[in-house]
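Fold and contact review
Residue-level listing of the chains:
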Amino acid sequence: MSTAAVNMKRKKPDDARIIVKILFYIFMVLGALASIFPFYWMFVIATNDKSAAFHIPPLLVPGTEFFNNFGRVLERTDFFRALLNSVVVASSVTISVVFLCTLAGYAFAKYEFPLKKILFVFVIATMLVPVQLGVLPQYVIMAKLQWIDSYKALIVPAMVNAFGIFWMRQYISSAVHSELIEAGRIDGGGHFRIFWNIAIPVVTPAMATLAILNFMNVWNDFFWPLVVLKNRENYTIQLALQQLFTNRDGLDFGMIMSATFTATLPLLIVFLLFSRWVIAGLTSGAIKS
Amino acid sequence: MADLATAKPLQNEGKKPFWTETRRSRLTAYTFISPFFILFSIFGLYPIFFTIYLSFFKWDALGPMKFVGFRNYELITSDPTFWISFSNTLIMALMGTVPQLIMALFVAIMLNSALNKFKNTSRILFFMPNITSIVAVALVFSTMFGNNGMINWLLNTMGMESMAFNSGWWGVKIAISTMVMWRWMGYNAIIFLSGLQSIPTDIYEAAKIDGASRGQQMIYITLPLLRPFIIFVTLISTIGALQLFTEPYVFLGQSGTGSTRQEGVTMVTYLYSEAFRNGFFGTAAATAVMLFAFTIIFSVLNMMISSRMGGDTGGKKA
């Protein structure tokens, strides 16, 4: 009697567990599909003819029209010029952000100086201020400097940022041992030399994560380039994409998606190559406030 | 002054040189952090104060500035479009973030679950939407939400009426909030996941031994210990939602008039068209100040709500 009861009890949770498992995988697969479907859809529309976007029932197979579609992109906009603009801007900003944020993060993590706490809180606080609060005077400053329509307007204000400093400080305080720095000082190394030769090699993973996150942010930025870039040939890729969409003579989604897909592909490849790094970085606890 | 000048060399001649190790390392530290403070003063701090100053002037960014007192604030608060932009922003912020954060929490628990055999792959898949540009997202979703698009086809096959996603009052808001949700859900799930991983597993084991059910574990352990992460994510999402711009701008920009269509105008699109389309820098500055005020109000409200959530369950360890 008692053993039977035990058996009964044991059987029920097993059944429940299988159902939970099945439901679990159904939700996982649905969620994953929802995440990647728009990418696939972009590709399907990019490779089919004009009417494909509104085909009923929706088309789900790639076609052969990609190069025709992309040809029309090249007629309408200087796509590769815009791509190059974005590469130049995003790379220079990223190099500068990684270097300057690592320097500042290192100082906040490993140096003692008056007002350190207040200054650090100030850095964090700047993250909460909406960008739009300063955008009008920023525009005026750019106009005064005659930087409107130039890379400088996009690069210089973005050369260092609060998030990067915060991120590097968190990592450096735990990853770089103060004993190593002190030993370096006693051996007569200069401050910058110690930073360069001792700290940098230890924190490259965090720098790589910051680089990728920052590159994606700058690459995908739309608001500020829209404000300061006037001339089509200086457009970043995002402005060029949006420009394709505002054409009044009917919307050619095959063309639009072939451009969008081509512009997304490099980022997608970079992300897939370094994704474990990015996600491990994000989950490593560096976000903890 | 003269005394000091003569005193200094004397001290230097003594045992203490001016450049002590402490002074040298302080100077180094200040040098290392100075780029941020210099750039932020020029392109961040000064513009913020200038915006506040500007909000009391009438200005077209070219001619002379004319002091008008609170006139700009009166102008925008009596403009119906401003209030439409305000309510649109709020509605879309609620629609885009509340369900999204609940889903993100759910997804984070799934990603963290022992049942999940594809941990790395599933994380990458769920995070992928975040790498696309908002412009690309808006373009892709504008085909899906077109009048004859895929979503309406789906609605029709399920026996429902088509919705005017690119012109209807609710349609536009649903489409835009969907874009926001799709792009940010996985990102927030990853942040929540890092929170889940920071909870020590022995707490759960102890709870299991005490006979706590899964639901009880969730309410008494997971949620309270996750609270700092919930506060962080809600705060960041609220601030982001109030700044909604690119999605409506691109999605509604088909007619070439920009996002001046009322169904999707947000506070930032309002600000943008005041300044860069109409040349009213004064009212645009007043809008920016109002936006900042709302950001502070909603951040504080948020903090209050999310710190109360799970607060009285005794999870004070967080």
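Rules used throughout
- Residues numbered from 1 in each chain as written.
- Chains lettered and ligands numbered in written order.
- Predicted model: local features only at pLDDT ≥ 70, side-chain atom pairs only at ≥ 80, totals over all residues.
- Heavy atoms only, no water.
- Helix = DSSP H or I, 4+ residues; strand = E, 2+ residues; numbered from the N terminus.
- Rg over C-alpha atoms; globule rule 2.2 N^0.38 Å.
- Contact = heavy atoms within 4.5 Å.
- Areas by Shrake-Rupley, 256 points an atom, 1.4 Å probe, with all protein chains shown as cover.
- Phe/Tyr/Trp six-rings, centres within 6.5 Å; stacked < 30°, edge-to-face > 60°.
- Buried < 20%, exposed > 50% of the residue type's maximum accessible area, 1.4 Å probe, protein only.
- UniProt positions renumbered as here; feature names shortened; annotations may be inferred.
- Patch = residues over 30% accessible without salt bridge, like charges linked within 9 Å, V, L, I, M, F, W, Y side chains within 5 Å.
- Salt bridge = Lys/Arg side-chain N within 4 Å of Asp/Glu carboxyl O.
- Lys, Arg positive; Asp, Glu negative; His and termini not counted.
- Charge placed at Lys NZ, Arg CZ, Asp CG, Glu CD.
- pLDDT = per-residue confidence, 0-100.
- Buried area = accessible area lost by both parts, 1.4 Å probe.
- Nonpolar A, V, L, I, M, F, W, Y, C, P; charged D, E, K, R; others polar.

Overview of the overall build of chain A
For chain A, the helix and strand inventory stands at twelve helices and zero strands. Counting from the amino terminus, helix and strand elements in chain A follow one another as α-α-α-α-α-α-α-α-α-α-α-α. Taking 19 Å as the expected radius of gyration for a compact globule of 289 residues, we find that chain A reaches 26 Å, considerably beyond that expectation. If one aligns the C-alpha atoms of chain A with their principal axes, the spans along those axes are about 85 × 70 × 35 Å. Summarising the internal contacts of chain A: among those between residues at least 6 apart in sequence, 72% fall at separations of at least 24. Taken as a whole, chain A presents about 14000 Å² of accessible surface, with 66% of it coming from carbon and sulfur.

Notes on the packing of aromatic side chains
Here a ring pair, both rings aromatic, is described through the centre-centre distance and the interplanar angle of the planes. Residue and element names in this part refer to chain B. Across all of its chains, the model carries 62 aromatic pairs over all chains by this definition. Both rings, one in F18 and one in W19, keep their centres 5.3 Å apart while their planes meet at 80°; by these two values the pair is edge-to-face. You can call F18 partly exposed: its relative accessible area is 38%. Arranged with centres 4.4 Å apart and planes meeting at 35°, the rings of F86 and F294 form a pair that is tilted.

Remarks on the UniProt feature "transmembrane region" (unreviewed entry) in chain A
Residues and elements named next belong to chain A. According to UniProt, the "transmembrane region" (unreviewed entry) feature falls on residues 18-41, 82-106, 118-141, 153-173, 194-216 and 253-274. Secondary structure across residues 18-41 divides into 100% helix and 0% strand, with the first and last C-alpha atoms of the span separated by 33 Å. Taken as a whole, residues 194-216 contains 100% helix and 0% strand, while its terminal C-alpha atoms sit 30 Å from one another.

Structural notes on the UniProt feature "transmembrane region" (unreviewed entry) in chain B
Residues and elements named next belong to chain B. The residues that UniProt annotates with the feature "transmembrane region" (unreviewed entry) are residues 32-56, 90-112, 124-147, 167-185, 225-245 and 280-301. Annotation note: span residues 90-112, helix share 100%, strand share 0%, distance between end C-alpha atoms 32 Å. Secondary structure across residues 225-245 divides into 86% helix and 0% strand, with the first and last C-alpha atoms of the span separated by 34 Å.

Comments concerning a positive patch on the surface
Taken together, the side chains of R17 and K21 of chain A together with K117, K119, K208 and R214 of chain B define a basic patch exposed on the protein surface. Within the secondary structure, K117 of chain B is located in the loop between α4 (80-112) and α5 (119-127).

Looking at helix α6 (residues 134-144) of chain B
With eleven of its eleven residues buried, α6 of chain B lies for the most part within the structure. Listing the buried residues of α6 of chain B in full gives I134, V135, A136, V137, A138, L139, V140, F141, S142, T143 and M144 of chain B.

Side note on the confidence of the model for chain A
The predicted coordinates of low-pLDDT regions are not to be read in fine detail. Here chain A shows a mean pLDDT of 87. Residues at 70 or above account for 92%. The model gives residues 1-6 of chain A a pLDDT under 50, and that stretch makes zero contacts with residues more than four places away or in other chains.

A word on the interface of chain A and chain B
Contact residues are listed per partner, giving 93 residues for chain A and 93 residues for chain B. For the pair chain A and chain B, the two sides together bury roughly 8300 Å², of which 81% comes from carbon and sulfur. Ranking the residues of chain A by area buried against chain B places L133, L136 and F245 of chain A at the top, with a combined share of 9%. For E21 of chain B, the salt bridge identified is with R185 of chain A, shortest N-O distance 2.7 Å. Ranked by residues supplied to the side of chain A that touches chain B, first place goes to helix α1 (residues 2-46) of chain A with 16 residues. Within the side of chain A that touches chain B, the residues separate by chemical class into 70 nonpolar, 17 polar and six charged.

A word on the pattern of salt bridges
Pairs may arise between side chains of opposite charge once their charged atoms sit close together. Per the stated rule, a full pass over the model turns up four salt bridges over all chains. Note that E112 of chain A and K116 of chain A form a salt bridge whose closest N and O atoms lie 3.3 Å from each other. Residue R71 of chain B pairs with E74 of chain B through a salt bridge whose shortest N-O separation is 3.6 Å. In this pair, R71 of chain B and E74 of chain B both sit in helix α3 (residues 71-77), three residues apart, roughly one turn of the helix. Relative accessible area serves as the criterion here: at 43%, R71 of chain B is assigned to the partly exposed category. Take E74 of chain B: its relative accessible area is 46%, and that puts it in the partly exposed class.

So, unusual backbone geometry
Residue and element names in this part refer to chain A. Here the phi dihedral of L115 falls at roughly 70°; this positive angle occurs in a residue that is not glycine. Along the chain, L115 turns up in the loop between α3 (79-110) and α4 (116-126). For L115, a relative accessible area of 55% corresponds to the exposed category.

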